[in-house]
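# Observations on chain architecture
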Amino acid sequence: PLSGGAVGQVVRSNHGDFAEGDYVLNMNGWQEYFTRPGGHHSDGGDLNKIDPSLAPLSAYLGVLGMPGLTAYAGLEEVGVPNPGETVFISAAAGAVGAIAGQIAKIKGCRVVGSAGSDEKVAYLTDEIGFDAAFNYKTRDFNEALAETCPKGIDVNFENVGGDTLEAVIGQMNFKGRIIFCGGISGYNDTAPQPGPSNLMLIVIREITMRGFVVMSHLHLMDRFYQDVGGW
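## Here we look at the environment of Glu-143
- Within the secondary structure, Glu-143 sits in helix H4 (residues 141-148).
- Residue class for Glu-143 comes out exposed when judged on its relative accessible area of 55%.
- Put simply, Glu-143 and Leu-57 are 86 residues apart on the chain and 42 Å apart in space, counted from C-alpha to C-alpha.

Structure (structure tokens):
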């Protein structure tokens, strides 16, 4: 089957942790039925029982699924923003970026994002509460960053890389944190992109840049469901 996340309902079970009628989140592909030996993510299995009363089932593939957990883990365990800090998010209208921005707002931060169309910018500022956003296709990135982040950037949730990352490094504050989630600008490159030319600023400003993979943060699942489910 085509690989991907899915929500399924248990129709028959010989496993003590799963009963007929339970709903589970899984990565076993897009298919009508499958059989598994059982086991939750937390104990090495590949099924995660979900609560259908908490949210629509489709939410477990978005805000309560891997995109949501990625945003949550990046902020909770990598960037750790404090109230009053400025958080900048690239690809902010995407599945991860949009959730990361809303969580950062809940944590009392000033949140700024970049996106690739005026419609996406309006979504960020008018619908989901970003303090500022800009269209990177129609603005000079460095000028837009300076304008929307006049006090610099304390935490960057980086999804793009390349020239975007270089511009962000130039605007980072002392002891700022870069959450390196992805580098979509280079995914289809046939030759490697040159690295940012201003990496010495990471030394001078004592900036932390840490990459992470969401699958290393599955221990957060219970807290994630409680926090993000409530929000």
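## Quick word on a nonpolar patch on the surface
- Where nonpolar side chains cluster on the molecular surface, the patch consists of Met-27, Met-66, Val-213 and Met-215 and spans about 390 Å² of accessible area.
- As for its position among the elements, Met-66 is in helix H1 (residues 66-79).

## Considering the sheet that holds strand S1 (residues 6-9)
- Read from one edge of the open sheet, three strands run S1-S2-S3, paired in antiparallel fashion. Every other strand in the sheet has two partners, leaving S1 and strand S3 (47-50) as the edge strands with one partner each. Recorded for the sheet is a direction-independent mean angle of 35° between the axes of neighbouring strands.

## What about the nonpolar core?
- Ranked by internal contacts, the top residues of the largest apolar core, which has 39 residues, are Ile-89, Phe-157, Phe-224 and Tyr-225.
- Of all the secondary structure elements, the ones that give two or more residues to this core are H1, strand S4 (86-89), helix H2 (95-106), strand S5 (110-115), helix H3 (118-127), strand S7 (153-158) and helix H7 (221-230).
- Excluding residues within four positions of it along the chain, Phe-157 makes contact with Thr-70, Ala-71, Gly-74, Leu-75, Phe-88, Ile-89, Ser-90, Val-96, Ala-100, Ile-179, Cys-181 and Phe-212.
- Counting 18 residues, the second-largest nonpolar core is a separate cluster that includes Ile-169, Ile-178, Leu-201 and Ile-202.

## Describing the environment of Ala-93
- Here Ala-93 shows up in the loop between S4 and H2.
- In this structure Ala-93 comes out as partly exposed when scored by relative accessible area, which is 24%.
- For the pair Ala-93 and Ile-128, spaced 35 residues apart in sequence, the C-alpha separation works out to 9.7 Å.

## Regarding the state of the cysteines
- The tally for this structure, following the rule as stated, stands at zero disulfides.
- Counting only cysteine sulfurs, Cys-149 is the nearest neighbor of Cys-109, a cysteine outside any disulfide, at a range of 12 Å.
- With no disulfide of its own, Cys-181 lies closest to Cys-109 among cysteine sulfurs, the gap being 17 Å.
- Overall, the relative accessible area of 24% leaves Cys-181 in the partly exposed class.

## A short note on helix H5 (residues 162-171)
- Along H5, seven of the ten residues are buried, which leaves the element largely enclosed by surrounding structure.
- Listed as buried for H5 are Gly-162, Thr-164, Leu-165, Ala-167, Val-168, Ile-169 and Gln-171.
- The inward-facing, buried residues of H5 abut S4, H4, S7, strand S8 (172-180), helix H6 (200-204) and strand S9 (208-211).

## Section: the sheet that holds S9
- With parallel pairing, the six strands of this open sheet are ordered in space as S6-S5-S4-S7-S8-S9. Each end of this open sheet is capped by a strand with a single partner; those strands are strand S6 (132-135) and S9. On average, each strand axis in the sheet is inclined to that of its neighbour by 15°, with strand direction left out of account.
- Here S4 pairs with S7 via three bridges, running parallel. Looking across to S7, one finds that Phe-88 is bridged to Asn-156.
- Sheet contacts for H4: S4, S5, S6 and S7; angle to S6, the most-contacted strand, approximately 170°.
- Relative to the sheet, H5 contacts S4, S7, S8 and S9, its axis offset from that of S8 by approximately 150°.

## Quick look at H2
- Along its twelve residues, H2 runs 17 Å from first to last C-alpha, staying within 8% of the 16 Å computed at 1.5 Å per residue.
- Where H2 is concerned, the buried positions are Val-96, Gly-97, Ala-98, Ile-99, Ala-100, Gly-101, Ile-103 and Ala-104.
- Where H2 is buried, its residues meet H1, S4, S5, H3, S7 and H7.
- Gly-108, located one to two residues past H2, shows a positive phi value of around 85°.

## Thoughts on the packing of aromatic side chains
- Going through the model one piece at a time under the given rule, you end up with eight aromatic pairs.
- A centroid spacing of 5.8 Å and a plane angle of 65° characterise the contact between Tyr-60 and Tyr-225, whose relative ring orientation is edge-to-face. One end of the pair, Tyr-60, is in the loop between S3 and H1; the other, Tyr-225, is in helix H7, with 165 residues separating them in the sequence.
- Ring geometry for Phe-88 versus Phe-134: centroids 6.2 Å apart, planes at 15°, classification stacked. Here Phe-134 lies in strand S6 and Phe-88 lies in strand S4, a separation of 46 residues in the sequence. Phe-134 shares its class with Phe-88; the two are buried.
- By way of ring pairs, the aromatic residues Tyr-60, Tyr-72, Phe-224, Tyr-225 and Trp-231 are connected into one cluster.
- Between the NZ or CZ atom of Lys-49 and the centre of the ring of Phe-18, over which it lies, the distance is 5.7 Å.

Thresholds, definitions, all that
All residue numbers refer to position in the chain's written sequence, counted from 1. Local features are withheld for residues below a pLDDT of 70 in this predicted model, meaning they are given only at 70 or higher, and side-chain atom pairs are given and counted only at 80 or more; totals for whole chains, interfaces and linings count all residues. As a convention, hydrogens and water are excluded, and side-chain values are obtained from all of the structure's heavy atoms. The helix count covers DSSP runs of H or I at least four residues long, the strand count covers runs of E at least two residues long, and both are numbered beginning at the N terminus. Think of it in three bands: residues with accessible area under 20% of the maximum for their type are buried, residues over 50% are exposed, and the middle band is partly exposed, with areas taken using a 1.4 Å probe on protein chains only. Each patch groups residues whose relative accessible area exceeds 30% and which form no salt bridge, using 9 Å between like charges and 5 Å between nonpolar side chains of Val, Leu, Ile, Met, Phe, Trp and Tyr. We get accessible surface area from the Shrake-Rupley algorithm with a probe of 1.4 Å; when it comes to residues, only the shown protein chains can shield them. Salt bridges are defined as contacts in which a side-chain nitrogen from Lys or Arg sits within 4 Å of a carboxyl oxygen from Asp or Glu. If DSSP finds at least two bridges between two strands, the strands pair. In this description, a line fitted to the C-alpha atoms serves as the axis of each element, helices being fitted only across the stretch in contact, and the angle between N-to-C directions of two axes falls anywhere from 0 to 180 degrees. Residues grouped as a nonpolar core are buried Ala, Val, Leu, Ile, Met, Phe, Trp, Tyr and Cys residues, joined through side-chain atoms within 4.5 Å. Any pair of residues with heavy atoms lying within 4.5 Å of one another is described as a contacting pair. Here, the term disulfide refers to a pair of cysteine sulfur atoms separated by no more than 2.5 Å. Working rule for helices: expected span equals 1.5 Å times residues minus one. The pairing test for Phe, Tyr and Trp rings, Trp by its six-membered ring, is centres within 6.5 Å, and the orientation test on the planes gives stacked under 30 degrees, edge-to-face over 60, and tilted for anything in between. A ring is scored as having a charge over it whenever the NZ atom of a lysine or the CZ atom of an arginine sits within 6 Å of its centre and within 35 degrees of its normal.

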